[in-house]
Amino acid sequence: MNISEQEQDIVIVGGGISGLATALALRRKGIKSMVLERSETLRAAGVGIIMQPNGWRALDQLGVAAKLRQTCTEIPSGVFISVAEGKCRESELPLGKGELRCLKRMELMKALAEELPVESVYLGCRAVSILLDPLTSNPLLQLHDGTLIKAKIVIGCDGVNSIISKFVGVNSPKLFSRCATRGFTYYEGGHSFGDKFRFYSSNDVTLGQLPVTDKLVYWFLTRVLTSQDLSDAKKDPAYITKASLEAIKGFPEEIVELVKNTEPNTLYLTELRYRAPWDLVRTKFRKGTVVVAGDAMHAMCPFISQGGGASLEDAVVLARCLSEKLKQAAEGGGKRLVEEALDEYVRERRMRVFWLSLQTYFIGLAQDNTSKVKKALGIAGLILVFGDQTSHTDYDCGHL
């Protein structure tokens, strides 16, 4: 069937973790949707994803947690390691209460996609614009090839640079002063890092290292952003490796070897973009029957590793809100009830993502060594507002 032949009930723009999770949550509630993914194949932006207790609660609701637990090691404890002048000082790294694991992003996407009908995900479909039909007020999506799709509901899960978020009035994301590098390192004979989350900190550099399995280790590094990081060099594995090794001079030898031996095709260097916490408080996030979720709603820096978990929470809450109102809509008042459902979803998610974004914002300021004022503000904010800096993992998105 040509996708423009008839009006679609729900169209999800973006086939990443957020879009697939939203489609699956809706399917679990008996609601059909269409996913439009711009790429020719499903692909993950990045390599690993840290899943904390709140994320596992959402995955349990989506029905894929048990399958995913078989692919990765549970991480029961963490170590914070301060590196100075070639010497390391260790202390406990609080992880919160509950289950922590590191997943391969593609394993997560595969688990979500396998639960969806093949015909519900359309690849190579890039949405370039959206407007409201002047007669019906329903959304009209235009694709890159000129195809026009009529929909009753559009959910924007199209990432940081979302065209749907622009349409509903979300401000453009801001560029942060740091960048992140991520990679996988494989150890044929097994690694010796055990099952701990190790977090290293030295001046302007932080590096986190977690086991995925007994042979695979995920690592991430944040450092000051340079002009070269914004050029095409960020796609060159040789440049990424060189810049990373320069950043971790003085780190333990096993960490230097970890970075040096990273599989080149798993290396990713990205600038960090975020939506300001104050924008999340005042933005409506809905226009007509169009709404946003995931990074399109609440892009945040990765300092508390909650971007993926929050996107899964969005999916559960949105599907629950929609299903309750769509049952009533069958008896009349369809569009009004859909808008009420979307507003209810936004109300439930707004303060949750505000607090997550505010905490990451303060951590970012605390890591900024270019300004003593910003650094002091970040540290003070964390102490005064976030006494328990792992409480964000306690959140429960509830049942579908």
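The name that an unreviewed UniProt entry assigns to the chain is FAD-binding domain-containing protein, with the source organism given as Gossypium tomentosum. Per UniProt, the chain carries the Sequence similarities (unreviewed entry) text "Belongs to the 3-hydroxybenzoate 6-hydroxylase family."

In the contact formed by helix 6 (residues 237-247) and helix 7 (residues 253-260), the axes pass within 9 Å of each other and the chain directions differ by 170°. Classified by the angle their axes make, helix 6 and helix 7 are roughly antiparallel. Touching Thr241, Ser244 and Leu245 of helix 6 are Val256, Val259 and Lys260, all from helix 7. Residues of the contact of helix 6 with helix 7, tallied by class, amount to three nonpolar, two polar and one charged.

This part is about the sheet that holds strand 15 (residues 268-274). One open sheet holds the seven strands; their spatial order is 5-4-12-13-14-11-15, and the pairing between them is mixed. A strand with exactly one partner marks an edge of an open sheet, and here the two such strands are strand 5 (87-92) and strand 15. In this sheet, adjacent strand axes meet at a mean angle of 20° when their direction is disregarded. In this structure, strand 11 (residues 174-186) lies alongside strand 14 (residues 216-224), joined through nine bridges in antiparallel fashion. In the strand pairing of strand 14, Thr185 is matched with Val217.

Moving on, we get to the pairing of strand 14. With eight of nine residues buried, strand 14 is to be regarded as a mostly interior element. Summarising the sheet, strand 13 (residues 205-211) and strand 14 pair through six bridges and their orientation is antiparallel. Within the sheet, the bridge partner assigned to Leu210 lies in strand 14 and is Tyr218. If you look at the hairpin formed by strand 13 and strand 14, you'll find four residues sitting between the two strands.

So, how was this worked out
Residues numbered from 1 in each chain as written. Predicted model: local features only at pLDDT ≥ 70, side-chain atom pairs only at ≥ 80, totals over all residues. Heavy atoms only, no water. UniProt positions renumbered as here; feature names shortened; annotations may be inferred. Axes fitted to C-alpha atoms, helices over the stretch in contact; angles between N-to-C directions. Helix = DSSP H or I, 4+ residues; strand = E, 2+ residues; numbered from the N terminus. Parallel < 35°, antiparallel > 145°, perpendicular 65-115°, else oblique. Contact = heavy atoms within 4.5 Å. Nonpolar A, V, L, I, M, F, W, Y, C, P; charged D, E, K, R; others polar. Pairing = 2+ DSSP bridges. Buried < 20%, exposed > 50% of the residue type's maximum accessible area, 1.4 Å probe, protein only.

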